[in-house]
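So the chains spell out like this:
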Amino acid sequence: MATKQIPYKIYLSEEEIPRYWYNVKAHMKNEHPPFLNPATMKPCTKEELCQVFCEECVDQELNEKDEKIEIPEGIRDFYKMFRPSPLIRAYYLEKLLDTPAEIYYKFEGNNTSGSHKLNSAAAQAYYAKKQGLKSITTETGAGQWGTALAMASAFYGLHLDVYMVKVSAEQKPHRKEVIRTYGANVIPSPSDTTEAGRKILREFPGTGGSLGCAISEAVEKAVTSDSCRYVLGSVLDHVLLHQSIIGMESKIAMDKYGVKPDIIIGCMGGGSNFGGLIAPFMGDKLDGKNDIDFIGVEPASCPSVTRGKYVYDFCDSAKITPLAKMYTLGCGFMPSASHAGGLRYHGMSPVVSQLCHDGYLRAVSAEQTKVFDAAVMFAKCEGILPAPESSHAIRVAIDEALKCKAEGKKKTILFGLTGTGYFDMAAYKQYNDGTMSDYIPTDADLQKGFESIPKCPANEGLI
Ligand SMILES: *Cc1c(COP(=O)(O)O)cnc(C)c1O
């Protein structure tokens with residue numbers, strides 16, 4: 001069959017922005033086990049979850065049956081500011097690699113927050129406003145999520161407190177200032193504004209903080225404040241659902257040109273962008289309609305899936321959140337300073353974890369310097385300066401394309417380019433100066449993290 005000439009950029013029209021999100025759980029034979037309340041070890045009820053999260057998000061979190069979940073007009077209106085995002089054929093990268101593979105990437109960096117995170121920020125701020133809340137809280141590591149939520153909160157008119165991991169707030173003062181410009185309040189974490197923060201400061205004076213610790217603070221602030229809820233930027237099922245807009249648009253664009261991916265690659269922090277990118281393709285795979293090789297890439301410095309355990313664990317380091325069944329390094333795992341701040345999370349989305357456990361996708365890890373080799377190669381030939389996080393996916397896309405070349409195979413590769421790296425120039429500087437190193441935790445380092453996994457009956461024999 002003659003294929004239509006593929007343009008360098010495939011744009012959909014505004015009308016073609018999907019009208020619903022894709023809930024992959026409707027196709028999963030094995031649902032992931034429920035969240036557990038650590039006090040009772042019973043599944044969390046809707047009421048319990050609604051004390052922390054917006055009600056609509058809780059409904060979405062618990063929905064295992066509806067494949068299509070409608071995107072309200074109020075959210076589509078916001079999406080129109082930065083969506084649809086382009087699907088790009090990486091002609092120049094293909095040429096440079098001299099590969100028979102066709103490479104496509106879905107670029108989510110075309111908005112001020114610089115990443116895919118605005119897709120879920122828009123939805124969660126909209127639902128908070130609709131519920132009549134006055135304010136929301138969240139944490140941010142590298143700062144992309146805080147920026148995205150600040151933009152969405154400004155758009156819908158909500159107060160936002162952002163607990164920003166202290167090292168990031170110090171390393172990225174400009175990122176912090178963008179968040180403040182959109183009207184949000186930034187608090188470096190750990191802070192003395194919460195019980196969780198004070199406890200961590202006592203135990204680890206001088207710590208640069210971690211995502212897990214910032215989550216503890218933001219949750220505590222939400223549950224102890226009036227008309228306030230907590231908003232999370234990844235990991236949870238409803239965040240993956242919102243990110244399925246990435247996969248939906250990719251599928252619509254590829255179908256239009258009769259392109260069928262053989263391999264889909266995404267980087268994994270908490271798993272939401274990868275889970276969203278693969279959602280509709282994975283739904284088809286679960287129904288036996290394709291045999292796509294799904295590859296999630298994580299940093300070798302924080303190898304939650306490739307070296308972690310599939311157990312129940314807390315989502316935060318102060319152990320105040322529910323327990324989730326996921327691949328984890330232990331909620332007490334302190335990752336070494338790596339430049340892919342958005343990928344430094346101890347756990348992984350329960351949906352992605354379950355799909356991995358059941359063999360429908362695979363995880364690989366990549367070392368920092370090799371990731372930056374790929375980032376620079378990509379920047380030079382495709383023009384976009386990629387985020388360090390996104391560059392994990394670029395690394396593996398290049399490796400797969402080179403494998404095609406070695407084996408003389410023509411495969412179609414799709415990867416998620418989650419964002420731009422303008423706020424990561426300290427990392428690029430290290431790379432350019434030749435002073436970047438690869439931190440890979442030893443088994444003993446990992447063991448320390450594993451010891452923080454709760455020894456509950458559900459984990460018996462698994463730790
Ligand atoms: C946050 C972030 C990630 C990690 O996303 P998850 O959905 O949590 O896996 C990847 N890339 C960029 C640019 C990010 O900002």
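This text follows the structure it describes.
Bear in mind that the values here come from a model prediction, so they are computed numbers and not experimental data.

**What to know about the side chain of Thr99**
- On the secondary structure map, Thr99 appears in the loop between α4 (91–97) and β7 (102–107).
- Among the polar contacts listed, one links the side chain of Thr99 to the backbone oxygen of Ala401, at a separation of 2.8 Å.

**With respect to unusual backbone geometry**
- The omega torsion across Arg83 and Pro84 is -5°, close enough to zero to call that bond cis.
- Cis geometry is adopted by the peptide bond preceding Pro190, which originates at Ser189 and carries an omega value of 10°.
- Within the fold, Pro190 resides in the loop between β10 (185–189) and α9 (195–203).
- The backbone of Met41 shows a phi angle near 60°, a positive value even though the residue is not glycine.

**Describing the pattern of salt bridges**
- Applying the stated criterion across every chain yields a total of 31 salt bridges.
- The salt bridge partner of Lys251 is Asp255, with a shortest N-O separation of 3.6 Å. Pair noted here: Lys251 and Asp255 are both in helix α11 (residues 237–256), with a separation of four residues, about one helical turn.
- A residue is classified by how much of its surface remains accessible, and Lys251, at 21% relative accessible area, is partly exposed.
- Since its relative accessible area comes to 48%, Asp255 is described here as partly exposed.
- Salt bridges linked by common partners bring Glu15, Arg19, Glu73 and Arg76 together as one network.

**Observations concerning empty space enclosed by the protein**
- Under the criterion given, the structure shown has four cavities of 30 Å³ or more.
- Forming the walls of the largest cavity are 33 residues, and the residues nearest its centre are Lys117, Leu211, Ser234, Gly270 and Gly342.
- Counting residues per element, the ones that place at least two in the lining of the largest cavity are β8 (135–140), α6 (144–156), α10 (211–223), α12 (272–286) and α15 (388–407).
- Residues of the lining of the largest cavity, tallied by class, amount to 10 nonpolar, 20 polar and three charged.

**Some details on the sheet that holds strand β12 (residues 263–267)**
- What the seven strands build is an open sheet, ordered β1-β6-β7-β17-β12-β13-β16; its pairing is mixed. A single partner strand is all that each edge strand has here, and the edge strands are β1 (9–10) and β16 (362–366).
- When strand β6 (residues 87–89) meets β7, the two strands line up antiparallel, connected through three bridges. The residue bridging Ile88 from the neighbouring strand is Tyr105, located in β7.
- Packed on one face of the sheet, α15 meets β7, β12, β13 (293–299), β16 and β17 (412–417) and runs near 150° to β12.

**Some points on the site of the ligand**
- Surveying the vicinity of the ligand reveals 19 residues, the closest of which are Lys117, Ser234, Gly269, Ser272 and Thr418.
- Within the backbone of Gly269, one N or O atom sits 2.7 Å away from an oxygen atom of the ligand.
- Within the contact set of the ligand, an oxygen atom lies 2.8 Å away from a backbone nitrogen or oxygen of Gly270.
- Surface burial for the ligand is 98%, taken as the share of its 390 Å² of free accessible area covered by protein chains.
- Those elements giving two or more residues to the shell around the ligand turn out to be α12 and α15.
- For the shell around the ligand, the per-class residue count stands at four nonpolar, 13 polar and two charged.

**Brief notes about the packing of aromatic side chains**
- All told, the structure shown has 15 aromatic pairs when counted by the stated rule.
- Summarising the aromatic geometry, the rings of Phe78 and Tyr156 are spaced 5.8 Å apart at their centres and angled 85° between planes, so their arrangement reads as edge-to-face. One end of the pair, Phe78, is in helix α3 (residues 73–82); the other, Tyr156, is in helix α6, with 78 residues separating them in the sequence.
- Residue Tyr156 is classed as buried on the basis of its relative accessible area of 12%.
- For the ring pair Tyr126 and Tyr156, a centre distance of 5.7 Å and an interplane angle of 70° mean the geometry is edge-to-face. Of the two residues, Tyr126 sits in helix α5 (residues 118–130) while Tyr156 sits in helix α6, which places them 30 residues apart along the sequence. There is no split in this pair, since Tyr126 and Tyr156 are both buried.

**Considering the layout of surface pockets**
- In this structure, the largest pocket spans a volume of roughly 820 Å³.
- If you trace the largest pocket, you find 46 residues lining it, with Val165, Val167, Gly209, Ser210 and Arg344 closest to the centre.
- Those elements that provide at least two residues to the lining of the largest pocket are α7 (166–171), α8 (173–181), α9, α10 and α16 (425–433).
- Of the residues belonging to the lining of the largest pocket, the class tally is 22 nonpolar, 18 polar and six charged.

Rules used in this analysis
- Residues numbered from 1 in each chain as written.
- Predicted model: local features only at pLDDT ≥ 70, side-chain atom pairs only at ≥ 80, totals over all residues.
- Heavy atoms only, no water.
- Helix = DSSP H or I, 4+ residues; strand = E, 2+ residues; numbered from the N terminus.
- Polar contact = N/O pair within 3.5 Å; in protein donor to acceptor, adjacent residues only side chain to side chain.
- Salt bridge = Lys/Arg side-chain N within 4 Å of Asp/Glu carboxyl O.
- Buried < 20%, exposed > 50% of the residue type's maximum accessible area, 1.4 Å probe, protein only.
- 1 Å grid on protein atoms, 1.4 Å probe; cavity = no way out; pocket = protein on both sides within 12 Å on 5 of 7 lines; lining within 4 Å.
- Points joined across faces, edges and corners; volume = space filled by probe spheres on them.
- Nonpolar A, V, L, I, M, F, W, Y, C, P; charged D, E, K, R; others polar.
- Pairing = 2+ DSSP bridges.
- Contact = heavy atoms within 4.5 Å.
- Axes fitted to C-alpha atoms, helices over the stretch in contact; angles between N-to-C directions.
- Near = heavy atom within 4 Å.
- Areas by Shrake-Rupley, 256 points an atom, 1.4 Å probe, with all protein chains shown as cover.
- Phe/Tyr/Trp six-rings, centres within 6.5 Å; stacked < 30°, edge-to-face > 60°.

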